[in-house]
Amino acid sequence: MVFQKEYLDLLLVPSGLSIMFIYHLYLLYRYLTIPHTTIMGFENNDKRAWVERIMQSTDSKNIDTALSVLGSNNNGATFLASVSLTLSSLIGAWMANSSLNSVLIYGDTRPETMSIKFISLLIFFLMAFACFLQSSRCFIHANYLITTPDTDIPISYVELAVIRGGEFWSLGLRALYFATTLLFWFFGPIPMFATSIGMVFLLHYLDKNTRPLHDHRSSGKRKQFYKRVEETSRATLL
């Protein structure tokens, strides 16, 4: 049996996608069980401290700062959602007028395979659009909670909205990472597989966290303790 170049797509493309999926399942397991070892868990710790500080503050300047921060996150999510939707539209137009030079591609260049490439890429861009849209929705909801006056809204509600917005943001980025590897599939299964391997190494470097979580509450208590000691010392001297 003669090995044909079309067989590379059947071997390398599922292997590359499997490596990406296995890595993200491993990352999800770490995020759910030992979140402090992931950069997302590290950021969530700071987000909880930020929300608690904002909700316990009575200064209107802090509320304005919080709205500015959430507005920036919302603008970023909206921008990436627009980019994902625009790329999806361009892929649709590309599918209708596909004219790739099959001579430059070492792999399966049949029309059926090209259609699978387009559809797979389109799915991940649409997934990214949906995730960024949900991220924007969560940040907008956090805006409403923070700016609601004279209420006893639990801090955990605001924390949930902010952290969930960050999680949808991360899911949207993951969909774009998958779309990047599939984009290289248009140049052949070998570039796609190599990109998958490189992407996993890069994401592992970016996703891991080796720094200990900062205890924001203890830090605040220490400052209050030192402040009381200083006031007591001044009163004694006087």
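On a predicted model such as this, the values are computed, not experimentally measured, just so you know.

1. Here we look at the overall build of the protein
Item 1. Helices and strands together make up the secondary structure of the protein, namely 7 helices and 0 strands.
Item 2. For the protein, the sequential pattern of α-helices and β-strands runs α-α-α-α-α-α-α.
Item 3. Here the analysis covers contacts within the protein between residues at least 6 apart in sequence; of these, 81% occur between residues at least 24 apart.
Item 4. Accessible area of the protein: about 14800 Å², with a carbon and sulfur share of 65%.

2. A short note on a nonpolar patch on the surface
Item 1. Residues Phe79, Val83, Leu87 and Leu90 make up a contiguous nonpolar surface patch of roughly 350 Å² in combined accessible area.
Item 2. Mapping Phe79 onto the fold places it in helix α3 (residues 60-96).
Item 3. Taking the relative accessible area as the measure of exposure, Phe79 reaches 55% and is therefore exposed.

3. Remarks on the pattern of salt bridges
Item 1. Enumeration according to the criterion identifies 1 salt bridge in this entry.
Item 2. The closest approach of N and O atoms between Arg174 and Asp207, which form a salt bridge, is 2.8 Å. Placement of the pair is Arg174 in helix α5 (residues 155-185) and Asp207 in helix α6 (residues 189-207), with a sequence separation of 33 residues. For the residue pair Arg174 and Asp207, the accessibility class agrees, reading buried in each case.

4. Notes on the environment of Glu43
Item 1. Structurally, the position occupied by Glu43 is in helix α2 (residues 39-56).
Item 2. With a relative accessible area of 38%, Glu43 lands in the partly exposed category.
Item 3. Sequence separation of Glu43 and Leu213 is 170 residues, and the distance between their C-alpha atoms is 9.2 Å.

5. Observations concerning helix α1 (residues 7-33)
Item 1. In a regular helix each residue adds 1.5 Å, so 27 residues correspond to 39 Å; α1 covers 39 Å between its end C-alpha atoms and thus fits that length.
Item 2. Among all positions of α1, only Leu8, Asp9, Leu12, Val13, Gly16, Met20, Tyr23, His24, Leu27, Arg30 and Tyr31 are buried.
Item 3. The inward-facing, buried residues of α1 abut α2, α4 (111-146), α5 and α6.

6. As for the packing of α4 against α5
Item 1. Orientation of α4 relative to α5, taken along the N-to-C sense of each, is 165°, at an axis distance of 8 Å. Judged by the angle between their axes, α4 and α5 are roughly antiparallel. Where α4 crosses over α5, the two elements pack in a sense that is left-handed.
Item 2. Considered class by class, the residues forming the contact of α4 with α5 number 28 nonpolar, 8 polar and 2 charged.

7. So, the UniProt feature "transmembrane region" (unreviewed entry) in the protein
Item 1. As recorded in UniProt, the feature "transmembrane region" (unreviewed entry) lies at residues 7-26, 118-135 and 175-203.
Item 2. In this annotation, residues 118-135 is assigned 100% helix and 0% strand; the end-to-end C-alpha distance for the span is 26 Å.
Item 3. End C-alpha to end C-alpha, residues 175-203 measures 13 Å, and it is 90% helix and 0% strand.

8. Overview of the packing of aromatic side chains
Item 1. Summed over the entire model, instances satisfying the criterion amount to 5 aromatic pairs.
Item 2. Aromatic side chains Phe124 and Phe178 sit 5.2 Å apart centroid to centroid with 5° between the ring planes, which places their arrangement in the stacked category. In this pair, Phe124 sits in helix α4 while Phe178 sits in helix α5, placing the two residues 54 residues apart along the sequence. As far as burial versus exposure is concerned, Phe124 and Phe178 are alike and both buried.
Item 3. Aromatic rings pair up to connect Phe21, Phe124 and Phe178 into one cluster.
Item 4. Looking at Arg211, its charged tip hangs above the ring of Phe42, at a distance of 4.4 Å from the centre.

Cut-off values and rules
- Residues numbered from 1 in each chain as written.
- Predicted model: local features only at pLDDT ≥ 70, side-chain atom pairs only at ≥ 80, totals over all residues.
- Heavy atoms only, no water.
- Helix = DSSP H or I, 4+ residues; strand = E, 2+ residues; numbered from the N terminus.
- Contact = heavy atoms within 4.5 Å.
- Areas by Shrake-Rupley, 256 points an atom, 1.4 Å probe, with all protein chains shown as cover.
- Patch = residues over 30% accessible without salt bridge, like charges linked within 9 Å, V, L, I, M, F, W, Y side chains within 5 Å.
- Salt bridge = Lys/Arg side-chain N within 4 Å of Asp/Glu carboxyl O.
- Buried < 20%, exposed > 50% of the residue type's maximum accessible area, 1.4 Å probe, protein only.
- Expected span 1.5 Å × (residues − 1).
- Axes fitted to C-alpha atoms, helices over the stretch in contact; angles between N-to-C directions.
- Parallel < 35°, antiparallel > 145°, perpendicular 65-115°, else oblique.
- Left-handed = near helix turned anticlockwise from the far one by under 90°.
- Nonpolar A, V, L, I, M, F, W, Y, C, P; charged D, E, K, R; others polar.
- UniProt positions renumbered as here; feature names shortened; annotations may be inferred.
- Phe/Tyr/Trp six-rings, centres within 6.5 Å; stacked < 30°, edge-to-face > 60°.
- Lys NZ or Arg CZ within 6 Å of the ring centre and 35° of its normal.

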